[in-house]
Amino acid sequence: MRSWLAGELPAGLTVGAGLRGRILRTLAERGLADEADLDELARLDPVGGEQARATGRASRPDATAKEQAWTAALAADQDWRTALAYANGFWVPGQQELLQDYRDRYFRVALPALEGREIRVMRNLARALYPATLAGPETLAAAGTAVERGDLSQGMRLIVLERDAIMRSVLAARSAKPRW
């Protein structure tokens, strides 16, 4: 992947902004993209580069990067597109151990913090920040507790129930006996 970014490409392949962003996000998820790599992405793509940089930063398997991304995604003064970019990069499969504490923080901190936001922003951030990579009974229990507390707006309650239903489907599919 690094060689592709350096211009060593298979015949007929070009690396545009979208592919460059995906490559750097994949490298960032593995701790292989540094700040200079992500800054270069932002410089080369004046339209979506800032958001791609935010997603790359959030994707890193690093406790400090995760905390900064979480804070940025929930910051009330953050541009909603950038907040969503941080949220979209936050939950990375394979980083479950690093993300365990954020499950409770989602239900205890993020949901109340998002309640006052414009409805579209609230929906998108609540969905993106849901602890989907922590699929299991603990997340289902936390979602059930949040719904039962009764302090969520109807819109937020529906989002939690929606994510809960999706997680139940994922868990059922994982436990189903293969048919072939």
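Residues numbered from 1 in each chain as written. Predicted model: local features only at pLDDT ≥ 70, side-chain atom pairs only at ≥ 80, totals over all residues. Heavy atoms only, no water.

**Considerations on the overall build of the protein chain**
For the protein chain, the count of helices and strands is 10 helices and zero strands. Listing each helix as α and each strand as β along the protein chain from the N terminus yields α-α-α-α-α-α-α-α-α-α. Each principal axis of the C-alpha atoms in the protein chain carries an extent, and together these give about 55 × 50 × 25 Å. When burial is assessed residue by residue, the protein chain has 42% of its 180 residues classed as buried. (Helix = DSSP H or I, 4+ residues; strand = E, 2+ residues; numbered from the N terminus. Buried < 20%, exposed > 50% of the residue type's maximum accessible area, 1.4 Å probe, protein only.)

**Structural notes on the packing of helix α2 (residues 17–29) against helix α3 (residues 35–44)**
It is at 11 Å that the axes of α2 and α3 come closest, and there the two elements cross at 165 degrees. Put simply, α2 runs roughly antiparallel to α3. Judged by the sense of rotation from one axis to the other, the crossing of α2 with α3 is left-handed. Every residue of α3 that contacts α2 at A17, R20, G21 and L24 is listed here: D37, L38, L41 and L44. (Axes fitted to C-alpha atoms, helices over the stretch in contact; angles between N-to-C directions. Parallel < 35°, antiparallel > 145°, perpendicular 65-115°, else oblique. Left-handed = near helix turned anticlockwise from the far one by under 90°. Contact = heavy atoms within 4.5 Å.)

**Overview of the side chain of S59**
Positionally, S59 belongs in helix α4 (residues 49–59). By relative accessible area, which is 0% here, S59 ends up buried. Polar contacts involving the side chain of S59 include one to the main-chain carbonyl oxygen of T55, which spans 2.7 Å. Once you skip the residues sitting within four places of it in the chain, S59 turns out to touch R25, A28, E29, K66, G89, V92 and Q95. (Polar contact = N/O pair within 3.5 Å; in protein donor to acceptor, adjacent residues only side chain to side chain.)

**Focus on α3**
One full turn of an α-helix is made of 3.6 residues, so residues set three or four places apart face in the same direction. Along α3, the residues classified as buried are D37, L38, L41 and A42. For α3, the angular spread of buried residues about the axis comes to 140 degrees, placing them on one side. Residues of α3 that are exposed and point over 90 degrees away from its buried face: A36 and R43. Buried residues along α3 sit in contact with α1 (2–5), α2 and α4. N-cap assignment for α3: the residue whose side-chain oxygen lies 3.1 Å from the backbone N of A36 is D34. (Arc of directions from axis to C-beta.)

**Some points on helix α7 (residues 96–114)**
Here α7 spans only 23 Å end to end across 19 residues, well under the 27 Å set by a 1.5 Å rise per residue. Remark: the principal bend of α7, roughly 55 degrees, maps to R105. Among the residues making up α7, those that are buried are L99, Y102, R103, Y106, F107, A110, L111 and L114. Those residues of α7 that are buried are in contact with α5 (63–74), α6 (80–90), α8 (119–129), α9 (137–149) and α10 (154–175). (Expected span 1.5 Å × (residues − 1). Bend = angle between axes of the 7 residues up to and from the residue.)

**Remarks on the pattern of salt bridges**
Counted by the stated rule, this structure contains 16 salt bridges. Taking the shortest distance from any N to any O, the salt bridge between D151 and R149 comes out at 3.2 Å. Between R163 and E162 there is a salt bridge, with its nearest N and O atoms 3.1 Å apart. For E162, a relative accessible area of 28% gives the class partly exposed. Here the salt bridges do not stand alone but share partners, grouping E35, D39, E50, R53, R57 and R60 into one network. (Salt bridge = Lys/Arg side-chain N within 4 Å of Asp/Glu carboxyl O.)

**Re the side chain of R103**
Among the secondary structure elements, R103 is positioned in helix α7. Although R103 is buried, it makes no salt bridge; E138 carries the closest opposite charge, 4.4 Å away. Here the side chain of R103 touches Q100 through a polar contact of 2.7 Å, side chain to side chain. If near-sequence neighbours (up to four positions away) are discounted, R103 is found in contact with W91, P131, L134, E138, T139 and A142. (Lys, Arg positive; Asp, Glu negative; His and termini not counted.)

**A short note on the environment of A72**
By secondary structure assignment, the location of A72 is in helix α5. Residue classification places A72 among the buried residues on the basis of a relative accessible area of 12%. Note: C-alpha distance between A72 and L84 (12 residues apart in sequence) is 9.3 Å.

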